[in-house]
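A closer look at the structure
Listed below, chain by chain, are the residues.
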Amino acid sequence: MFARKCKRICGLKKLVLLTLACCFALYARSVWLRARTKPFFVDVSAYPNVSEGICGPECGANQISFYVKTGVEKDEPPIICVHRSIVMHSQKNNVGRGMNVVVINNNTLKVEAVKSYDTYQDDYQFLRDLMTGIKEGHAIIMASFDEITQSLSEEARRWMKLFGAKQVDSIGYRDSYMLIGQKGLVSGDVLEFRVPKKQKNFADHLEKMGCLSLPLGEIKAVESVLPKVMIKTDMKFGADMPNCGLSAGCHDHSFPVMVSTGVKSDNLPEICVSGKIVMAKDVNNAGRGMNVVIVDHKTGQPKSINRYDTYEKDSIHMEILLETLIDMDIVIMSVHDDGSRKLTLHTMEMLNGLGSSLIQNLKFRDVWYFVGQKGLKGFSTLEKISYAGMDGEWPTPLKDSFCVSSKVQSTNYIPDPVARRNDVKREFCKKYDGYGDFCSVEHVDDPLLTPAKLVDDKLAQNAVYSSPIIVIPGFNHNALVQTLETVIMQPGVSRDHVLVAYDEKFPEHGELAAMFGFRNVSVSDATEFSVQVIKALEKGAEMFPNAKYMIVLDEELMLSPDFLSFLAQCTHVLDKDDSLIGVSAFNFNGLDGMQTNKSLMYKVEDFPGLGFMIKMEFFKIRMKHKLKNCCNARSWEGWSMQCEAARPCHMLVPDMSRVFRQVYEGMTPDDRYLTSLFNTPRETSLDSKVSVRGLEELTAAHYDAHLKGLLSGGTVLKPEQLHTCSSNISLAKDSR
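The following refers to the structure shown. What you are looking at is a predicted structure, and each value in this text was computed from that prediction instead of being measured. (Residues numbered from 1 in each chain as written. Predicted model: local features only at pLDDT ≥ 70, side-chain atom pairs only at ≥ 80, totals over all residues. Heavy atoms only, no water.)

**As for the pattern of salt bridges**
Applicable threshold: The salt bridge criterion pairs a side-chain nitrogen of Lys or Arg with a carboxyl oxygen of Asp or Glu, the two atoms within 4 Å. Strands are runs of DSSP state E lasting at least 2 residues, helices are runs of H or I lasting at least 4, and numbering of each runs from the N terminus. Three labels apply to residues, based on accessible area from a 1.4 Å probe with only protein chains included: buried if under 20% of the type maximum, exposed if over 50%, partly exposed otherwise in between.
Tallied over the full model, the rule gives 27 salt bridges. Where Asp146 meets Arg174, a salt bridge forms, and the shortest distance between an N and an O atom there is 3.7 Å. Within this pair, whereas Asp146 is found in the loop between β7 (139–145) and α3 (154–161), its partner Arg174 is found in the loop between α3 and β8 (176–182), the two being separated by 28 residues in sequence. Note on accessibility: Asp146 and Arg174 belong to one class, buried. As a salt-bridge pair, Glu696 and Lys576 come within 2.9 Å of each other at their nearest N and O atoms. Here Lys576 lies in helix α11 (residues 563–576) and Glu696 lies in the loop between α14 (671–679) and α15 (700–712), a separation of 120 residues in the sequence.

**Regarding the pairing of strand β5 (residues 98–104)**
Selection rule: Strand pairing is assigned whenever DSSP identifies at least 2 bridges connecting the two strands.
The buried count for β5 comes to seven of seven residues, which makes it a mostly enclosed element. As paired elements, β5 and β7 share seven bridges and run antiparallel to each other. By the bridge assignment for β7, Val103 is matched with Ile140. Pairing between β5 and strand β6 (residues 111–117): six bridges, direction antiparallel. Counterpart to Ile104 in the pairing with β6 is Val111.

**So, the state of the cysteines**
Stated precisely, the cut-off is as follows: For this text, the term disulfide refers to a pair of cysteine sulfurs within 2.5 Å.
According to the stated counting rule, one finds five disulfides in the structure shown. Cys59 shares a disulfide with Cys211; S-S distance 1.8 Å. Linking Cys59 and Cys211, the disulfide has an S-S dihedral of approximately -85° and is accordingly described as left-handed. With Cys59 in the loop between β1 (40–41) and β2 (64–69) and Cys211 in strand β11 (residues 207–212), this pair connects stretches of sequence that are 152 residues apart. With a relative accessible area of 27%, Cys59 lands in the partly exposed category. Disulfide partner of Cys429: Cys439, at an S-S distance of 1.9 Å. Across the S-S bond of Cys429 and Cys439 the torsion is about -75°, and the bridge reads as left-handed. Residue Cys429 is found in helix α7 (residues 423–431), and its partner Cys439 is found in the loop between α7 and β24 (469–471); the two are separated by ten residues along the sequence.

**As for the sheet that holds strand β22 (residues 399–405)**
Basically, it comes down to this: An axis is simply a line fitted to the C-alpha atoms; with a helix, the fit covers only the stretch in contact. Between two such axes, the angle follows the N-to-C directions and lies from 0 to 180 degrees.
Spatially, four strands are ordered β15-β14-β13-β22 in an open sheet, and the strand pairing comes out antiparallel. This sheet does not close on itself; its edge strands, each paired only once, are β15 (276–279) and β22. Shown here is a sheet whose adjacent strand axes are inclined to one another by a mean of 25°, direction ignored. When strand β14 (residues 270–273) meets β15, the two strands line up antiparallel, connected through three bridges.

**Side note on the environment of Phe475**
The following threshold applies: By the convention used here, residues are in contact when the closest approach between their heavy atoms is within 4.5 Å.
Relative to the helices and strands, Phe475 resides in the loop between β24 and α8 (477–488). Residue Phe475 is classed as exposed on the basis of its relative accessible area of 67%. In the structure, Phe475 is positioned 31 residues away from Phe506 in sequence and 8.5 Å away in space, judged by C-alpha atoms. When residues no more than four places from it in sequence are discounted, the contact partners of Phe475 are Phe506 and Glu555.

Interpretation note: all reported values are geometric properties and have no functional meaning in isolation.
Shown next as structure tokens:
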């Protein structure tokens, strides 16, 4: 027993001695390491020759020779040499204003990267590289040039401290700054120098050279040195919310979720996961910007809960979080107040990769929620956006409860959004006032209409559908909107063949036309509307020289659904009869109650205006050279073609109009006549497909016989029978 006791005591002594020996060895190693890695400087004047490509001192094995010179004012860029070779120099065209950085691999001691960051303009890439681009343990040599602090954020300064920087908070405008550090350095021999500008325009430059060994001191993992958002965070849970607001529980392999974007800026957002409120007021810092919950797809429990104020700061920290996701991690996000102001394009692309199809549409004060997943194929079906008003008015808040599967629901096609935002239209409506319903809050985000497909294949090759449509707007811009809307709704219409010829004094009409996808041209020196019409006709003929017909729309017209189809049905008789020069779409006598026939046509000798189609050949040969004589009046007054008896010119006119002229609201000497003409109820075709009859009878070869037949079978009316009709309206201009 005594022997066993002695043996036990001897064993304890050996253990104590061994422990002491290990401690001494560790201490000796730290002293040796400290001595080995301590950098030393060499007098710069001892190695003055930098111009021949050799710079810096000679150093021992496994040491790094360095030479660093910060920029001199804003004219002489910095120089950085490593291992006696010039790495950064103006001759290499790799230096610039801001931070000039060389990265050195701590294992190979070779130069890993050379970059210049204009932190006067923006520190995004600089910060991103400090966070993720430079690996732990790698060393950096940093030299300033000109000005480095204008856009150097607090985040960037904090991350520079991860490389051992201690003076970074003191760097001021146009100070000179130099740093040789190592990522994760918590203590040791960082080389850091700063020269303040003081009262000068620029600080004096810095110039240092010497030798160093890596590591510079004690290196620790980044996450243990600088507290930041990581995939594992402290979380607290709020109140219970049974099934997150759903009336029943979710099926196996899914869990309930409720997402609320909050109301305005006061009512904060809420997120519920698996029956627990995980983000809300006083729960995990819910608030402005991006509210993000990472959920384990197997358990349906949160792994991380964070908020990123992307109104105040850029989204780089959120990018870091998204980069740490593992396959199948589920991301739940909700935007409150505003989350778009400093949301970077790279972050949006990362969210696209998680299944978002709407994030790129997020603008100021829009609210949005999204459920995505790492590795998701296609687009998530759990995504909504609500747009702010045109002037930043608060959007309609979003609040929904739903079940989320362990494999998030997706589709290969971009889902149709519940809410739409029309930024092109919004910009136009912000720029121009007075567009009423078109720019109203209810309709400003309505998508613009697109051309309808031609249903009747028989008309596909008809020359009408390749003929220019010349739109001539007046003062009423709301009427122009309605004209353009009814033009683009015409089946078979081509945007390229629509030309809006607007008065140069109203450029907004050109922008409006462009928004619809129509061509547009400004008309100069139009002292009155009739001059604008003449110049518009000339422009149309000039821009579409090979067209067979030209369609002209006067101001304030709305087209019937069958407008182009109606014109197309008339072309076969126009082509065979030289006396027919075109088709009018407006019947001056087509009043309401006249029992008009939408399939019936007439031939007339006058030239009804407003909306019409004429042969391009007739315009060029017999009309263009005398426009000021024939057409220098408003179309409702009638244009005189002054055709010879040997060469008559007739127009086809429908019994029921194919254009509707809006109510007259002007103030001219013609008020009484125009009020009677345009404000009396009229019949206009509302059908999209009408067959026109009897056109052959209106050709020169058959017209006389047709008239004789009508006269022989007609009924003679006595004057007293016409009294009721003529007492209500007088359309004869001479009766004014």
